[in-house]
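As a plain string of letters, each chain reads:
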Amino acid sequence: MSIKKKQTIESLIEKIHVYDPKADLDMIRLAYDFADDAHQGQVRKTGEPYIIHPLAAAHILADMQIDPVIVMATLLHDVPEDTRKTLEDIEKNFGSEIASMVRGITKLGKLKYRGVERYIENLRKMFVAMAEDVRVMIIKFADRIHNLTTLDALPPQKRYRIALESLEIYAPIANRLGMDDIKGQLEDLSFKFVYPKEYERVQKVLEEKLQGKERYYKGVIQTVETELKKAHISPVQIYGRNKKLFSLYQKLLRKNNEINHVYDVVAVRVIVQNVAECYATLGILHNIWKPYKGRIKDYISQPKPNGYQSLHTTVFGEAGEPIEFQIRTLEMHQNAEYGIASHWHYDEKGSRMPKKEIKWAKELAEIQKDILNKLSDLEEMKVDFLQSRIFVFTPKGDVLDLPEGATPIDFAYHIHSEVGNKCTGAMVNEKNVSLDTELKNGDIVEIRLDKNKKCPSPDWLDIAKTHTAKVHIRNSLKKDKLGFSRFFNILSKKQ
Ligand code: MN
């Protein structure tokens, strides 16, 4: 791993120049100077000068090779809200296009949690802004990603809320917009704060699974290269990618925590020149290795709802070890990584993808309708977000903070989903209590477990008060179905 180079305006300009040689670099520097000047004297919670934040967000987008105009607006995104410089100043200096994006971001406002009504209002604003100009959302994602990387500077309660919102709202929106790269970053950065124990566990599982596999996958890639060459196919790129942590976590939930039943912990991506080569490559792979039955998926002829296209297959590798392959063209690849943002993404040749018919506006309207209708879930989240918190302890003295009114069921699920699922009873301050007992500040809670128990009882959904517990309970209850029912997923899948 390389050490991250310090992010400066110089390195930002360098980056942009590589993917868009025609970019107006002087203008980008002016935008930086303008923002730097405006934020002069302000510091972030981390103690760093404020300009670090818009600069870092701009770097996130430059790394994705996004249109420099969006990167410039990102540099300026907090100016009107936080400083004496106004939108009119921005318009005067940088024109109406940049000003309009910054206006969009400003309308969204900063991180604020002041009651569930305000929260719904924020969501509504987000959808309006997105429908007006989806570039605003791209900036918002970069803004949020950087905020998530500096979350340690905030008090625990705030940390949790921001991470939960990112996981429950932002990541699913990124997913619906087909922005896999952004979705993955939002999820993995939030995962750690929302489910810290699960995060550690999944991290360990992944590490163990990958240990010593590097040579093996190198060999696989070499074999593919050689065989493709024989068929006169010269791939654009072949590489292995590890599943992201949160995505692995969700899959593990659906697979009874059996890592060996997850076939795409590593997937080998083969990027080729055109669609014909995709199918040819599939045939060649199946000629080398025997495919698993029922694991060949043709998302090229039948794209996923968010537009995702690829061929997937799982084959029996060495010693029967499954290997998943994902075969796609470069255009499909960029679409998969950047989704809607690929319209503003520059490819290796420094040109942008052709604009295609954009269906997302209609989709957005649907997401919006769903989300606003799903008030019961917002009610649930309200408890997690807004209730005052109590602090309770495990017998070992670990402290958990839960919303007021939380029960031993909440406690159990906040320790670990399996502790919740296997819970049969509870003791509070060394006395047996029923599972619907309201916990009080300072209580010492011990959960009794039955390790053979697999499933929670459905009426726990009424006893649990926290969103987290309810999500886990619902997941366990319908694990064998499509599964992970974070509220956004229910919404977006309901037909
Ligand atoms: Mn910001």
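The structure displayed is predicted, hence computed values, not measured ones.

### Here we look at the coordination of the manganese ion
Here is step 1 of the chain: At this site the manganese ion is bound by H53 (NE2), H77 (NE2), D78 (OD) and D143 (OD), with donor distances of 2.2 to 2.3 Å.
Here is step 2 of the chain: Here the donor residues for the manganese ion map to a single chain with the spacing H-x23-H-D-x64-D. In this pair, D78 is assigned in the loop between helix 4 (68–75) and helix 5 (79–82) and D143 in helix 9 (residues 134–149), connecting sequence segments 65 residues apart. No difference in accessibility class separates D78 from D143, as the two residues are buried.

### Some thoughts on a nonpolar patch on the surface
Here is step 1 of the chain: On the surface, F391, F393, V399 and I444 cluster together to form a nonpolar patch covering roughly 340 Å² of accessible area.
Here is step 2 of the chain: Of note, F393 is situated in strand 7 (residues 389–393).
Here is step 3 of the chain: Of the residues examined, F393 reaches a relative accessible area of 30% and is grouped as partly exposed.

### A few points about the environment of C455
Here is step 1 of the chain: Relative to the elements of secondary structure, C455 occurs in the loop between strand 11 (445–449) and helix 21 (460–463).
Here is step 2 of the chain: C455 sits 20 residues away from N475 along the chain, and the two C-alpha atoms are 9.8 Å apart.
Here is step 3 of the chain: Excluding residues that lie within four positions of it along the chain, C455 makes contacts with N421, S476 and L477.

### Some thoughts on unusual backbone geometry
Here is step 1 of the chain: Of note, Q65 is a non-glycine position whose phi angle comes to about 55°, a positive value.
Here is step 2 of the chain: Its place among the elements puts Q65 in the loop between helix 3 (52–63) and helix 4.
Here is step 3 of the chain: The phi torsion at N429 lies on the positive side, around 50°, for a residue other than glycine.
Here is step 4 of the chain: Within the secondary structure layout, N429 lies in the loop between strand 9 (423–428) and strand 10 (431–433).

### Observations regarding the pattern of salt bridges
Two side chains that carry opposite charge are able to pair once their charged atoms sit near each other.
Here is step 1 of the chain: What the rule picks out here adds up to 17 salt bridges.
Here is step 2 of the chain: Close ionic contact of K243 with D264 constitutes a salt bridge, the shortest N to O distance being 3.0 Å. One end of the pair, K243, is in the loop between strand 1 (237–242) and helix 14 (245–254); the other, D264, is in the loop between helix 14 and strand 2 (266–272), and 21 residues separate them in sequence. Here K243 matches D264 in class, with each residue buried.

### Notes on the pairing of strand 2
Along a regular strand, successive side chains alternate from one face of the sheet to the other.
Here is step 1 of the chain: Burial of strand 2 is extensive: 7 of the 7 residues sit out of reach of the surface.
Here is step 2 of the chain: Burial along strand 2 is two-sided: the face carrying V266, V268, V270 and V272 and the face carrying A267, R269 and I271 are both buried.
Here is step 3 of the chain: Two strands pair when backbone bridges link them, and strand 1 and strand 2 are joined in this way by 6 bridges, in the antiparallel orientation. In the strand pairing of strand 2, I238 is matched with V270.

### Topic: the pairing of strand 5 (residues 311–316)
Here is step 1 of the chain: Taking burial as the measure, the 6 residues of strand 5 include 5 buried ones, the bulk of the element.
Here is step 2 of the chain: As defined by bridge partners, strand 3 (residues 290–291) adjoins strand 5 across 2 bridges and the pair is classed as antiparallel. In the strand pairing of strand 5, P291 is matched with V315.
Here is step 3 of the chain: In the sheet, strand 5 pairs with strand 6 (residues 322–329) via 6 bridges, with the strands oriented antiparallel. Bridge assignment links H312 to a residue of strand 6, and that residue is Q326.

### Brief notes about the packing of helix 11 (residues 180–194) against helix 14
Here is step 1 of the chain: Two elements in contact, helix 11 and helix 14, have axes separated by 7 Å at closest approach and are oriented at 70°. The orientation of helix 11 relative to helix 14 falls into the category roughly perpendicular. Two secondary-structure elements touch here, helix 11 through E187, D188 and F191 and helix 14 through L245, F246, S247, Y249 and Q250.
Here is step 2 of the chain: Partitioning the contact of helix 11 with helix 14 into residue classes produces 4 nonpolar, 2 polar and 2 charged.

### Things to note about the sheet that holds strand 11
Here is step 1 of the chain: Read from one edge of the open sheet, 3 strands run 10-9-11, paired in antiparallel fashion. Every other strand in the sheet has two partners, leaving strand 10 and strand 11 as the edge strands with one partner each. When strand polarity is set aside, the average angle formed by the axes of neighbouring strands in this sheet is 35°.
Here is step 2 of the chain: Strand direction decides the pairing type here: strand 9 and strand 10, joined by 3 bridges, are antiparallel. Within the sheet, the bridge partner assigned to V428 lies in strand 10 and is K431.
Here is step 3 of the chain: On the sheet, helix 19 (residues 408–415) packs against strand 9, strand 10 and strand 11 and is oriented at approximately 80° with respect to strand 11.

The rules we used
- Residues numbered from 1 in each chain as written.
- Predicted model: local features only at pLDDT ≥ 70, side-chain atom pairs only at ≥ 80, totals over all residues.
- Heavy atoms only, no water.
- Donors = N, O, S within 2.8 Å, 3.2 Å for Na, K, Ca; no water.
- Helix = DSSP H or I, 4+ residues; strand = E, 2+ residues; numbered from the N terminus.
- Buried < 20%, exposed > 50% of the residue type's maximum accessible area, 1.4 Å probe, protein only.
- Patch = residues over 30% accessible without salt bridge, like charges linked within 9 Å, V, L, I, M, F, W, Y side chains within 5 Å.
- Areas by Shrake-Rupley, 256 points an atom, 1.4 Å probe, with all protein chains shown as cover.
- Salt bridge = Lys/Arg side-chain N within 4 Å of Asp/Glu carboxyl O.
- Contact = heavy atoms within 4.5 Å.
- Pairing = 2+ DSSP bridges.
- Axes fitted to C-alpha atoms, helices over the stretch in contact; angles between N-to-C directions.
- Parallel < 35°, antiparallel > 145°, perpendicular 65-115°, else oblique.
- Nonpolar A, V, L, I, M, F, W, Y, C, P; charged D, E, K, R; others polar.

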